[in-house]
Structures are given as C-alpha cells and as structure tokens.
Amino acid sequence: MNHTETKAGEQGLLRLLPSVRLCLQFLAGSPDTGAIPPARLAHASRLFLDGLREQVQAGRTDILSREQVLSELQVFVRTYHRPSLRRVINGTGVIIHTNMGRSPLAPAIAEELARLAAGYANLELDLETGRRGLRYSHVAGILQEITGAEAALVVNNNAAAVLLALDTLARNREVVVSRGQLVEIGGSFRIPDVMAKSGARLVEVGTTNRTHAADYEAAIGPDTALLLKVHTSNYRILGFTSEVPLPDLVALGHKHGIPVLEDLGSGCLVDLSRLGLQPEPSVQEALAAGLDLACFSGDKLLGGPQAGILVGRVALIEQIRRNPLTRALRIDKLTLAALEAVLRLYLDEQSALAEIPTLRMLAEPEASVRKRAQHFLDAAPAALSAACQLELCAMQAQAGGGSLPAQHLPSWGLALRPKSMSAQELELRLRRTPVPVIGRMEHDALYLDMRTIAQEEEPLLAHSLQHALALP
Ligand SMILES: *Cc1c(COP(=O)(O)O)cnc(C)c1O
C-alpha cells in the first residue's frame, strides 16, 4: 500500500468510531456498565476513543465494524472502572512481597477491622475517665507484655521510627554505626540518608566486613548521642567477618552513659529456629541483652499491618512521643486496630503460628505444600487441563521483605504451559483478570508457587486461570 491508500484506509476506520454520545447511550443501556455514573462513562469513552484513534494512526487495521468497537469499549470501561487497589494472588513464592503489600492479615482480623471501620472508636478517648486518651495506649501494654519492654510507641512505619529516634535523641550530635551495617532496604530507605534527614551526624567505624568494640570505643566522644546497630536484613556478609555482639555493645554504651538503639528491621517475636528456620534476632532477646531502644516493622516477620514499633526505656520512649514529628508520622486508626489484633495472637505462640499468614507460610512443611499443589492439579476442571499443561514442580520459596535473606524454603507449585497461547501471554492475561494472579516466568512456562497461595484462595486461582484462558 502506498501512503495515499494507507491514509484512505485510516479515514475509513476512523469513520467506524462512534461519537461519545453514542458510546454513552450504549454503555448506559448495558447491564454491565449501566450502574456506572454517566460522567465517568463519558470520561472513559473519550479516553477509549482517543486511544483507538492513536492506534489507527499508528497502523492498526483490524477494526471491522462499529459493533466490534462498542464491544472493545465495554471491556475498556469495565476495566477502567475497577478499583485500582485490588486483591491479588501471590504465586511468586516470596512471602513478604513488598510490591504486594508485604504481610496479609488473618481473615478474622480483617473482619474485626471492617466492624471497627464502619463506626466511631475510642481512638483517643479514655473510656474510664471520659477524657482525652492517647492512641498509643491501645498497643503499648500488650507490646510491653510480649517483648518485656518498659514502654512502647507505634508510628507509621519503621523508616519513620528510625527517623524519629534519631531526630529526638541525636539531632546535631553524633551516632556511631559500623560500616558493615550501613544498609539500603528496597524502596530507597538508606541508613545514611535517614541519618542526614534527622540532623544526626553519622560516625562510621570499622570496615565493611569487620568491626570491633575498640572501633566503637575510639569513636565515642563528648558529642556522641547514640550507638546504633542496624540489622543487615537483606544480605549476609560471609567469610572473614566480625560484628560486636549486642551485649558487648550495650556494655560499652552503658560504660559511657550512651544509649544503644537497634534497628531490628523485621520485628520477629517468635523463636524461628523452632520452625526449623534460621534464627532471626527476636525483639525479646535484644531487649533482654540490655538494649535501650529497638525499632522494627509491623508488616515483615511480625505479620501485621504496616507500622513502625519502638520499644525500650520509658524515658527514651516518652522523649520520642513528645517530639512534634511524631504527630506527623502517627499511626492511623485502622492500622492500630489491625496491629492490636495481631499482637493479641502473640499472647499464645501456637495461635500466632497457626493464624498469622506470614508465619504460617514460613512454617508450612514442604510435604504439605506439595500435597496442596497436587490436590489443586487433581481437582482442576477438565477444560482447564485441556487448555493448559499443568505440571507439579519443586521450587524455592523465599521469606522476602528483607527477612531471612539466606534461608532456603523448599516449596512446590505448578508449571503452566498453555496450549493455545504463549506462557508470556498467559502471564499478561493473569495480571488482567478480576483477581489478578502473579507468578514467575522462566523459559517456556509460568510458575506458581503454592506456598504463598492460601488454601482459601485456590478456588479464586482456578477461576482466574479459567478467565485468563477464556474458558467458560
Ligand atoms: C525494612 C527495614 C526498614 C524499613 O522499614 P519500613 O517498615 O519498611 O519503613 C528499616 N530498617 C531495616 C533494617 C529494615 O529491614
């Protein structure tokens, strides 16, 4: 085709595009889209028509009729009107997946939250005195009970907790940190940068692989406000290494009258070695070693909502609570409710392990994951197995979220090889289903790890697979 013919074809196709008015009429009359407010239908129609015009100008030629255009419009509008933040199925095998909201909440907690959210709450109301209360009081007691801390405070996330602690205790003064612990966590949290924002001066000691007590001691001076230890959450330094054990660091700090803060990262409250996992320093152990202040995330190994938790000496926690920055970083009502509910599960370790999804996924025996994967295969509808080869596969899951970086979690799942499309196409379609499924592409297959797919999600998974493969 020469240029003139192309132009003529383009004009013909553009004539098939309906007016916004016609689009609106069509959508408003259709049961699928009829309930959507007309202003939004008009807006979405304009976006759709603009997009289609661009596609035609870029060479799209497979538009055959106005009916086809209207049917594409309907799909577009339905997708456009879906909420942006939605439930997804995590088939990646990465348990604390930052891109997918880290820790899922236990279903019972989600129900409690829904009840609380629909009404008022005694968030800052002391029901005994009838006077104004503190939002922090709802979890301080239980945190003290579980961790053995003198006092506790919760804020928006752990990055905020670190910032607050440094800003309160070390602004314009020095904080001594080992070079081996100057971490960067995903999502651009870097200890040196947070330190700079807090106005504290970083004093690096030791080398990347080895730091000794004498290095800290030599750095301590009249301006030293804090000794900071940072949990190297997302990597391990192996080989010729040494770190100053926490009790020694605490002893050093106390000898000089300087508080010791540890950023624990994950906030583990149970002994993971009992689950056959690598030990992760627990909050209780760190405090028992004499640490003055610790901070950690609510949504990593703890398995709760996004939050930053500070525990430690009353005087330090009170000082932090009074910092005006705390108000700017305060925790929201729903988060607080979810956190309290998760912490209540920790009052009995067996309940915590059984009901907190993050811990349950970490602890599920390999044989049990395998059994669930096999059962899913056996129960798959015939149409699904006919459209897609499903194969049981051994896999490696991960804790993720900067937790247990060197832990291998043997797992099982499915390799999917669709018959009428590429695995890449299936991967894309699964991301676009009403309940999206996220897996891992490797070579010619899409892999779904069953460790991160809850038993309750299996029917949803089957449904999404059928949807993506366009099965009835
Ligand atoms: C994850 C992590 C943070 C950041 O915590 P958020 O809750 O994501 O803000 C800070 N420090 C360490 C050591 C971490 O592992």
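Residues numbered from 1 in each chain as written. Predicted model: local features only at pLDDT ≥ 70, side-chain atom pairs only at ≥ 80, totals over all residues. Heavy atoms only, no water.

Per an unreviewed UniProt entry, the chain goes by the name L-seryl-tRNA(Sec) selenium transferase and belongs to Desulfobulbus oralis. UniProt annotates the chain under Catalytic activity (unreviewed entry) with the comment "L-seryl-tRNA(Sec) + selenophosphate + H(+) = L-selenocysteinyl-tRNA(Sec) + phosphate". In its Subcellular location (unreviewed entry) section, UniProt records this for the chain: "Cytoplasm". (UniProt positions renumbered as here; feature names shortened; annotations may be inferred.)

Colleague: I'm lost on the sheet that holds strand S4 (residues 174-178) in this one. Help?
Modeller: In a beta sheet, neighbouring strands are held together by backbone hydrogen bonds and run either parallel or antiparallel to one another. Judged by pairing direction, the sheet is mixed, and its 7 strands sit side by side in the order S3-S11-S10-S9-S8-S4-S7 without closing on themselves. Looking at which strands have only one partner, the edges of the open sheet turn out to be strand S3 (151-155) and strand S7 (201-205). On average, adjacent strands in this sheet sit at an angle of 25° to one another, irrespective of strand direction. Where strand S8 (residues 224-230) lies against strand S9 (residues 260-265), 4 bridges are found, and the strand directions are parallel. In the sheet register, Leu228 faces S9, and the bridge partner there is Leu261. (Pairing = 2+ DSSP bridges. Helix = DSSP H or I, 4+ residues; strand = E, 2+ residues; numbered from the N terminus. Axes fitted to C-alpha atoms, helices over the stretch in contact; angles between N-to-C directions.)

Colleague: Looking at this model, I keep getting lost on the side chain of Thr358. Mind explaining?
Modeller: With respect to the secondary-structure elements, Thr358 resides in helix H16 (residues 357-363). Among the polar contacts made by the side chain of Thr358, one reaches the side chain of Ser103 at a distance of 2.8 Å. What Thr358 contacts, discounting residues up to four positions off in sequence, is Ile95, Ile96, Ser103, Pro104, Lys300, Leu301 and Gly303. (Polar contact = N/O pair within 3.5 Å; in protein donor to acceptor, adjacent residues only side chain to side chain. Contact = heavy atoms within 4.5 Å.)

Colleague: So what exactly am I meant to see when it comes to the UniProt feature "modified residue: N6-(pyridoxal phosphate)lysine" (unreviewed entry) in the chain here?
Modeller: The feature "modified residue: N6-(pyridoxal phosphate)lysine" (unreviewed entry), as given by UniProt, occupies Lys300 in the numbering adopted here. Counting through the fold element by element, Lys300 comes out in the loop between strand S10 (293-297) and strand S11 (308-312). Ignoring anything within four residues of it in the chain, the contact list for Lys300 reads Ile96, Arg102, Ser103, Ile185, Gly265, Ser266, Thr358, Gly401 and Ser403.

Colleague: Honestly, the packing of helix H1 (residues 3-15) against helix H3 (residues 38-57) in this entry has me stumped. Any pointers?
Modeller: Helices that pack against each other are described as a pair by the angle of their axes relative to one another and the distance between those axes. One way to put it is that H1 packs onto H3 with a least axis distance of 10 Å and a crossing angle of 160°. As far as their axial angle goes, H3 and H1 are roughly antiparallel. With respect to the hand of their crossing, H1 and H3 are arranged in right-handed fashion. Where H1 abuts H3, its residues Glu10, Leu13 and Leu14 lie against Arg53, Val56 and Gln57. Along the lines of polarity and charge, the residues of the contact of H1 with H3 split into 3 nonpolar, 1 polar and 2 charged. (Parallel < 35°, antiparallel > 145°, perpendicular 65-115°, else oblique. Left-handed = near helix turned anticlockwise from the far one by under 90°. Nonpolar A, V, L, I, M, F, W, Y, C, P; charged D, E, K, R; others polar.)

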